[in-house]
Amino acid sequence: MKKSIGAQTIVFPTPVFIVGSYDKKGQANMMNAAWGGICSSVPPSVSVSIRPARYTYQNIIQKKAFTVNIPSTKYIKEADYFGIASGKKENKLKKAELTAIKSDIVDAPYIKEFPFILECALLKTLEVGAHTIFVGEIKDIKVDENCLNEKGQPDMEKIKPFSFDPATGRYFEIGKYLANAFSVGLSIQKE
């Protein structure tokens, strides 16, 4: 039997997106945003939900661009810190001892040390309750070469991303390979 726990902001897995932007002074800033995901295949787009009080909010509005940086488990402390500290008060990248790289595609920075980066141009915004959904058209993806498979595609086991558990406030490593998508279910279709 299932038990009702009420309306909450819980879904599994919840990504750990480090959103990169420049402020009006040109200072690189990063924030940890768990509310987001792919939202369109044509054009390829990703969404992140950000409250207006966050420093990144105005940065994206002004620059019309952002990056989504996916950290590996090696950088769990830095990723968490980006959700704790405010770019209004401190240079988070300097304090975390990470390197901001200016995107050559959009007006936003990305983190050199993180293995997987989405470079996004702001496509549209949608206000929903306490948050604004920023939809970014993915203009390019940058992946560390040592995190690509033999076909030149990102390998999740090499990237080592992790997810956030909004129910308990904990981080979890992404699990093991189970089966091929669009394939494992074919046995049911054939029945």
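The structure contained in this document is the topic of the report that follows. Not measured: the values here are computed from a predicted model. (Residues numbered from 1 in each chain as written. Predicted model: local features only at pLDDT ≥ 70, side-chain atom pairs only at ≥ 80, totals over all residues. Heavy atoms only, no water.)

1. Considering helix H2 (residues 76-84)
The criterion, for reference: For every residue, the accessible area (1.4 Å probe, protein chains only) is compared with the maximum for its type, and the residue is labelled buried under 20%, exposed over 50%, or partly exposed between those bounds. We count a stretch as a helix when DSSP gives it H or I for four or more residues in a row; a strand needs E for two or more, and each element gets its number in order from the N terminus. By construction, the arc corresponds to the directions joining the helix axis to the C-beta atoms. Note on contacts: a residue pair qualifies if any of its non-hydrogen atoms lie within 4.5 Å across the two residues.
For H2, every residue scored as buried is listed here: Glu78, Ala79, Tyr81 and Phe82. Along H2, the residues classed as buried sweep out an arc of 160° about the axis, all on the same side. The exposed set on the far side of H2, more than 90 degrees from its buried face, consists of Lys77 and Ile84. Looking at the packing, one finds that the buried side of H2 touches strand E2 (17-22), strand E3 (28-33), helix H3 (92-96), strand E8 (109-111) and strand E11 (162-165).

2. With respect to the sheet that holds strand E1 (residues 14-15)
The cut-off we apply is this: Note on pairing: DSSP must find at least two bridges between two strands before they are called paired.
The antiparallel open sheet is built from three strands, whose spatial order is E1-E11-E12. Edge strands, defined here as strands with exactly one partner in the open sheet, are E1 and strand E12 (170-173). When E11 meets E12, the two strands line up antiparallel, connected through four bridges. Across the sheet, the residue bridging to phenylalanine 164 is tyrosine 171, located in E12.

3. Description of the environment of isoleucine 10
Summarising the element assignment, isoleucine 10 is placed in the segment before E1. In sequence terms isoleucine 10 and asparagine 69 are 59 residues apart; their C-alpha atoms lie 22 Å from each other.

4. A closer look at the packing of aromatic side chains
Applied cut-off: Put simply, two rings from Phe, Tyr or Trp (the six-membered ring, in Trp's case) pair if the centres are within 6.5 Å, and we call them stacked under 30 degrees between planes, edge-to-face over 60, tilted for the rest.
Evaluated as defined, the whole model comprises five aromatic pairs. Taken together, a centroid distance of 5.3 Å and an interplanar angle of 45° make the contact between tyrosine 75 and phenylalanine 114 tilted. Residue tyrosine 75 is found in the loop between strand E6 (65-70) and H2, and its partner phenylalanine 114 is found in the loop between E8 and strand E9 (116-128); the two are separated by 39 residues along the sequence. Of the two residues, tyrosine 75 and phenylalanine 114, neither departs from the other in class, the shared state being buried. Here the aromatic cluster, defined as three or more aromatic residues joined through ring pairs, consists of Phe162, Phe164 and Tyr171.

5. Section: the state of the cysteines
Operational definition: Whenever a pair of cysteine sulfur atoms sits within 2.5 Å, that pair is classed as a disulfide.
Under the definition given, this model contains zero disulfides. No disulfide involves cysteine 120; its sulfur sits 9.3 Å from the nearest other cysteine sulfur, which is in cysteine 39. Here cysteine 147 is not disulfide-linked; the sulfur of cysteine 120 is the nearest cysteine sulfur, at 19 Å. For cysteine 147, a relative accessible area of 5% corresponds to the buried category.

6. Some words on the nonpolar core
Quick note on the threshold: Take the buried Ala, Val, Leu, Ile, Met, Phe, Trp, Tyr and Cys residues and link them wherever side-chain atoms come within 4.5 Å; each set so joined is a nonpolar core.
Formed by 20 residues in total, the largest nonpolar core has its most connected members in Val46, Val48, Phe66, Val68 and Phe134. Elements supplying a minimum of two residues to this core: E2, E3, strand E5 (44-50), helix H1 (55-63), E6, E9 and strand E10 (131-143). Per-element accounting of this core gives the leading share, four residues, to E9. Residue contacts for valine 68: discarding those within four places in its chain leaves Phe17, Ile18, Val46, Val48, Phe116, Ile117 and Leu118. Among the nonpolar cores identified, the runner-up in size contains 18 residues, and Val16, Ala85, Leu93 and Leu98 belong to it.

7. Notes on the pairing of E3
Burial runs high along E3: six of the six residues are buried. Burial of E3 is two-sided: the residues Ala28, Met30 and Asn32 facing one way and the residues Asn29, Met31 and Ala33 facing the other way are all buried. The pairing of E2 with E3 spans six bridges and is classified as antiparallel. Each residue of the ladder has a partner; that of phenylalanine 17, found in E3, is alanine 33.

8. With respect to H1
Here H1 has its buried residues at Thr56, Tyr57, Asn59 and Ile60. Elements in contact with the buried residues of H1: E2, E3, E5, E6, E9 and E10. With its phi angle positive at about 60°, lysine 64 sits one or two positions after the end of H1.

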